[in-house]
Amino acid sequence: MGFDDVLGLFNYWAIIFLMMTGFYVVVSRGNLVKKIVGLNIFQTSVFLLYICIGTVAGGTAPILTGQPEVYSNPLPHVLILTAIVVGIATTALGLALVVRINYAYGSIEEDQIQKADEAAEFEED
Amino acid sequence: MLASVFSLVSAALFVNLDAVDVAFTEAAVGAGISTILMLGTVAITARREAPSTRPRALPLTVVFLTGLALVYGTLDMPRFGDPAAPAQVHVAPKYIEDTAREIGIPNIVTAVLASYRGFDTLGEVTVIFTAGIGVLLLLAATIRDPQGAGVRAMHHHLVLRVVTKVLIGPILLFALYVQFHGDYGPGGGFQAGIIFAAAFIIYALVFGLETARRAVPGRIVRLLLAAGVLLYGGVGVVSFVFGRNYLNYSVLGPDMITGQHIGILLIEFGVGMTVAAVMVSTFYAFAGQHAPIRDEEW
């Protein structure tokens with residue numbers, strides 16, 4: 001593995017670092033809003049991964065200019081630009097769920113919600 | 001604030017990687033809507049996180065090991081920017097070579113989005129539509145102040161009011177430009193819808209929710225929410241009626257290219273409508289939740 005390999009893969013490693021940051025926030029935090037923030041970070045890293053895969057060295061943005069040119073791969077761009085908007089719509093849905101959970105339990109901390117659930121089950125028995 | 005900066009940096013990265021359409025979308029989303037929704041939720045629920053009692057070591061180990069496995073996996077990946085990578089040699093060349101002849105518009109991303117993969121995009125729009133409906137279902141029942149006192153007009157912020165008044169016109173105009181110029185440059189229904197919604201959200205934030213509701217009633221927004229998806233699906237049905245495949249736009253005009261132009265314009269308009277309506281109605285639903293926010297907190 002030479003220097004060129006390291007340069008060629010460095011992007012992916014940076015993306016993996018970002019991805020794992022998001023993953024860590026999701027699994028280690030009990031606060032539901034923070035979990036959604038973590039998911040968003042994770043999501044951004046996936047977007048970057050797709051765009052990186054679609055990039056061609058020496059290429060340009062895929063808008064035809066008439067001259068023969070090298071273009072980046074337009075397909076990941078399409079997938080990701082729709083995914084960003086879908087992402088914000090689903091984030092809104094997640095946040096709406098958090099708001100409702102807060103109304104129902106008076107808390108958005110996972111541990112406290114679980115305790116409340118267990119207490120309710122105990123009362124039923 | 002940091003969320004906006006994060007979004008701006010990733011948008012800049014996308015430009016650097018030649019993905020101008022993606023950068024545009026990320027900038028439009030991150031500049032306003034995602035940040036406002038996050039802040040809104042934090043304001044409604046809890047401002048501070050409870051001190052964590054969980055062990056830190058286990059998640060850290062899991063994350064570290066997963067990361068290592070992924071890094072090991074990248075060793076076999078094609079190097080960054082390699083023109084011979086598998087992703088570059090399969091469908092992409094067809095899109096790049098045929099767009100000028102078959103669709104006749106310069107922006108390949110729009111051609112793929114609206115025509116080659118129009119069916120896929122219809123699915124995405126339906127997901128956005130469904131998410132919007134979900135937010136409305138979850139939050140409509142608990143709207144606490146129907147008069148919208150939660151987001152009060154900022155009466156004594158004179159500079160903000162004047163600047164907003166001046167800005168809203170150009171923002172709306174820019175949204176229209178992005179909407180209808182998406183065939184030629186970066187842009188299209190997704191970006192335009194978000195920019196449209198951002199203009200209304202600024203308006204609501206500065207002049208109060210009630211004023212914004214009077215300008216754009218929730219009823220009309222909900223109507224547009226469905227109308228956009230219907231328009232998109234309807235274009236597909238029209239090509240059915242003329243005996244072609246679903247979402248084959250060639251029948252919409254006298255020749256193939258004109259048909260494609262009309263089809264792309266129509267479905268992009270549908271996308272823009274639905275996206276803008278989902279964002280605005282989501283904002284209304286969140287903004288209606290809270291007890292009044294005091295001016296000092298801004």
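For the structure, see preceding data.
Everything in this summary refers to the structure shown in the same document. (Residues numbered from 1 in each chain as written. Chains lettered and ligands numbered in written order. Predicted model: local features only at pLDDT ≥ 70, side-chain atom pairs only at ≥ 80, totals over all residues.)

What follows deals with the overall build of chain A. Along the backbone of chain A there are four helices and zero strands. When its helices and strands are written in sequence order, chain A yields α-α-α-α. In terms of C-alpha radius of gyration, chain A reaches 21 Å, well past the compact-globule figure of 14 Å for 125 residues. Along the longest, intermediate and shortest principal axes, the C-alpha atoms of chain A span 75 × 35 × 20 Å. The buried share of chain A, reckoned over its 125 residues, is 49%. In chain A, the proportion of contacts linking residues at least 24 apart, taken out of those at least 6 apart, comes to 41%. (Helix = DSSP H or I, 4+ residues; strand = E, 2+ residues; numbered from the N terminus. Rg over C-alpha atoms; globule rule 2.2 N^0.38 Å. Buried ≥ 20, exposed ≤ 12 C-beta atoms within 10 Å, placed from the backbone. Contact = placed C-beta atoms within 7 Å.)

With that settled, the discussion passes to the overall build of chain B. Secondary structure summary: chain B contains 12 helices and zero strands in total. The secondary structure elements of chain B, listed N-terminal to C-terminal, are α-α-α-α-α-α-α-α-α-α-α-α. Counting only C-alpha atoms and orienting by the principal axes, one finds that chain B spans roughly 60 × 55 × 35 Å. Looking at chain B residue by residue over its 298 residues, the buried ones come to 42%. Taking the contacts inside chain B whose residues are at least 6 apart along the sequence as the reference set, 73% of them involve residues at least 24 apart.

A word on the packing of helix α9 (residues 189-207) of chain B against helix α12 (residues 256-287) of chain B. Residue and element names in this part refer to chain B. Interhelical geometry of α9 versus α12 gives an angle of 30° and a closest axis separation of 7 Å. The pairing of α9 with α12 is recorded here as roughly parallel in orientation. Relative to α12, the crossing made by α9 is right-handed. For the pair formed by α9 and α12, the contact residues are Gly 189, Phe 190, Ala 192, Gly 193, Ile 194, Phe 196, Ala 197, Phe 200, Ile 201 and Ala 204 on the first element and Glu 268, Phe 269, Val 271, Gly 272, Val 275, Ala 276, Met 279, Val 280, Phe 283 and Ala 287 on the second. (Axes fitted to C-alpha atoms, helices over the stretch in contact; angles between N-to-C directions. Parallel < 35°, antiparallel > 145°, perpendicular 65-115°, else oblique. Left-handed = near helix turned anticlockwise from the far one by under 90°.)

Contacts between chain B and chain A engage 73 residues on the former and 61 residues on the latter. If one sorts the elements of the side of chain B that touches chain A by residue count, helix α2 (residues 20-44) of chain B sits on top with 12 residues. Classifying every residue of the side of chain B that touches chain A by side-chain character gives 43 nonpolar, 21 polar and nine charged. (Nonpolar A, V, L, I, M, F, W, Y, C, P; charged D, E, K, R; others polar.)

Below, the discussion takes up the environment of Val 85 of chain A. Its place among the elements puts Val 85 of chain A in helix α3 (residues 74-105). For Val 85 of chain A, a count of 28 C-beta atoms within 10 Å puts it in the buried group. Excluding residues that lie within four positions of it along the chain, Val 85 of chain A makes contacts with Thr 25, Val 29, Ile 128, Phe 190, Ile 194 and Val 275 of chain B.

The first and last C-alpha atoms of helix α4 (residues 110-124) of chain A sit 21 Å apart over 15 residues, in line with the 21 Å expected at 1.5 Å per residue. Of all the 15 residues making up α4 of chain A, zero are buried; the element is thus mostly uncovered. (Expected span 1.5 Å × (residues − 1).)

Right, let's get into the packing of α2 of chain B against α12 of chain B. Each pair of packed helices can be described by the angle between their axes along with the distance between the axes. Residue and element names in this part refer to chain B. For the pair α2 and α12, the least separation of the axes is 10 Å and the interaxial angle reads 20°. The orientation of α2 relative to α12 falls into the category roughly parallel. Remark: the crossing between α2 and α12 carries left-handed chirality. Facing α2, whose interface residues are Ile 33, Ile 36, Leu 37 and Gly 40, α12 presents Met 279, Phe 283, Phe 286 and Ala 287.

Residues and elements named next belong to chain B. An ideal rise of 1.5 Å per residue puts 27 Å on 19 residues; α9 measures up with 27 Å between its terminal C-alpha atoms. In terms of residue burial, α9 counts as a mostly covered element, since 18 of its 19 residues are buried. Looking one or two places after α9, you find Gly 208, whose phi comes out positive at around 95°.

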